[in-house]
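# Structural characterization, general
The residues making up each chain are set out below.
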Amino acid sequence: MSIRDFIADRFDEAPETPAYRALRTIFDNHEGDRDNDDADCEGCGYDPLKGSAAKRVGSCPDLRAIARIWADHPDHPDNQARTPAQEVADLERHINRLSGHLSHGMEGHHAIKYLEEARQRLARLAVRLGQ
């Protein structure tokens, strides 16, 4: 899945807020071949010395910054190469952070949010492992 497809899918699921509309405008300005992350990113600007866009869509810093909003999503391009062991280590770090926050008096609604994130990560890992 290309980074543009990944972001477009997330925007389709995102709430209609001013922040997402602003990000969508930035996203829409970074045109290129939607199916090819090696295509020129038209939004990064025209380089008169090279005669083409300065960046590739797949490495466009603006698109990669937008995609980081959903870094934990299993379809995120950077997560495709992650091993289950790496995901377990990330989950363990997440739970350890929660434990530290709780010991310092984290409010209940924040703890619930952290626990829900941990549950979602565990569910994604289980799907990847086929369980």
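Check the entry above for the structure.
These remarks concern the structure in this document. Remember, predicted model here, so these are calculated numbers, not experimental data.

## A short note on the overall build of the protein
- Per the secondary structure count, the protein includes five helices and two strands.
- Secondary structure elements of the protein occur, N-terminal to C-terminal, as α-α-β-β-α-α-α.
- Taken over 131 residues, the protein has a buried fraction of 27%.
- Summarising the internal contacts of the protein: among those between residues at least 6 apart in sequence, 48% fall at separations of at least 24.
- Surface summary for the protein: the accessible area is close to 8,300 Å², and the carbon and sulfur share equals 52%.

## Looking at the environment of Leu91
- Relative to the assigned elements, Leu91 resides in helix α4 (residues 84–103).
- Judged by its relative accessible area of 11%, Leu91 falls in the buried class.
- In this structure, the C-alpha to C-alpha distance between Leu91 and Arg121, residues 30 residues apart in sequence, is 6.8 Å.
- When near neighbours in sequence (up to four residues on either side) are disregarded, Leu91 contacts Ala118, Arg121 and Leu122.

## A few points about the packing of aromatic side chains
- Evaluation of the coordinates by the stated rule reveals five aromatic pairs.
- Summarising the aromatic geometry, the rings of Tyr20 and Trp70 are spaced 6.1 Å apart at their centres and angled 20 degrees between planes, so their arrangement reads as stacked. Residue Tyr20 is found in helix α2 (residues 18–29), and its partner Trp70 is found in the loop between α3 (61–67) and α4; the two are separated by 50 residues along the sequence.
- Classification of Tyr20 as partly exposed rests on a relative accessible area of 22%.
- Looking at Trp70, the relative accessible area reads 14%, which means it is buried.
- Among the aromatic residues, ring-to-ring pairing joins Phe6, Phe11, Tyr20, Phe27 and Trp70 into one connected group.
- Above the plane of the ring of Phe27 lies Arg4, whose end atom (NZ or CZ) is 4.3 Å from the centre.

## Examining the nonpolar core
- With 13 residues, the main nonpolar core has Ile3, Ile7, Phe11, Phe27, Leu63, Ile66 and Trp70 as its most contacted residues.
- Within the residue set of this core, elements represented by two or more residues are α1 (3–13) and α3.
- Looking at which element gives the most residues to this core, the answer is α1, with five residues.
- In contact with Trp70, not counting residues within four places along its chain, are Phe6, Ile7, Arg10, Phe11, Tyr20 and His76.

## A look at the side chain of His76
- Tracing the backbone shows His76 in the loop between α3 and α4.
- In terms of polar contacts, His76 uses its side chain to reach the backbone carbonyl oxygen of Ala67, at 3.3 Å.
- Not counting residues up to four positions away in its chain, the partners in contact with His76 are Phe6, Ala67, Arg68, Trp70 and Ala71.

## Digging into α4
- Helix length check: α4, at 20 residues, gives a terminal C-alpha distance of 29 Å against a target of 28 Å (1.5 Å per residue), a fit within 8%.
- The complete set of buried residues in α4 reads Glu87, Leu91, His94 and Leu98. All buried residues of α4 lie within an arc of 60 degrees about the axis, which places them on one face of the element. Set apart from the buried face of α4 by more than 90 degrees, the exposed residues are Ala85, Glu92 and Ser103.
- Looking one or two residues past α4, Gly105 carries a phi angle of roughly 85 degrees, positive in sign.

Each value, and the rule that gives it
Residues numbered from 1 in each chain as written. Predicted model: local features only at pLDDT ≥ 70, side-chain atom pairs only at ≥ 80, totals over all residues. Heavy atoms only, no water. Helix = DSSP H or I, 4+ residues; strand = E, 2+ residues; numbered from the N terminus. Buried < 20%, exposed > 50% of the residue type's maximum accessible area, 1.4 Å probe, protein only. Contact = heavy atoms within 4.5 Å. Areas by Shrake-Rupley, 256 points an atom, 1.4 Å probe, with all protein chains shown as cover. Phe/Tyr/Trp six-rings, centres within 6.5 Å; stacked < 30°, edge-to-face > 60°. Lys NZ or Arg CZ within 6 Å of the ring centre and 35° of its normal. Core = buried A, V, L, I, M, F, W, Y, C linked by side-chain atoms within 4.5 Å. Polar contact = N/O pair within 3.5 Å; in protein donor to acceptor, adjacent residues only side chain to side chain. Expected span 1.5 Å × (residues − 1). Arc of directions from axis to C-beta.

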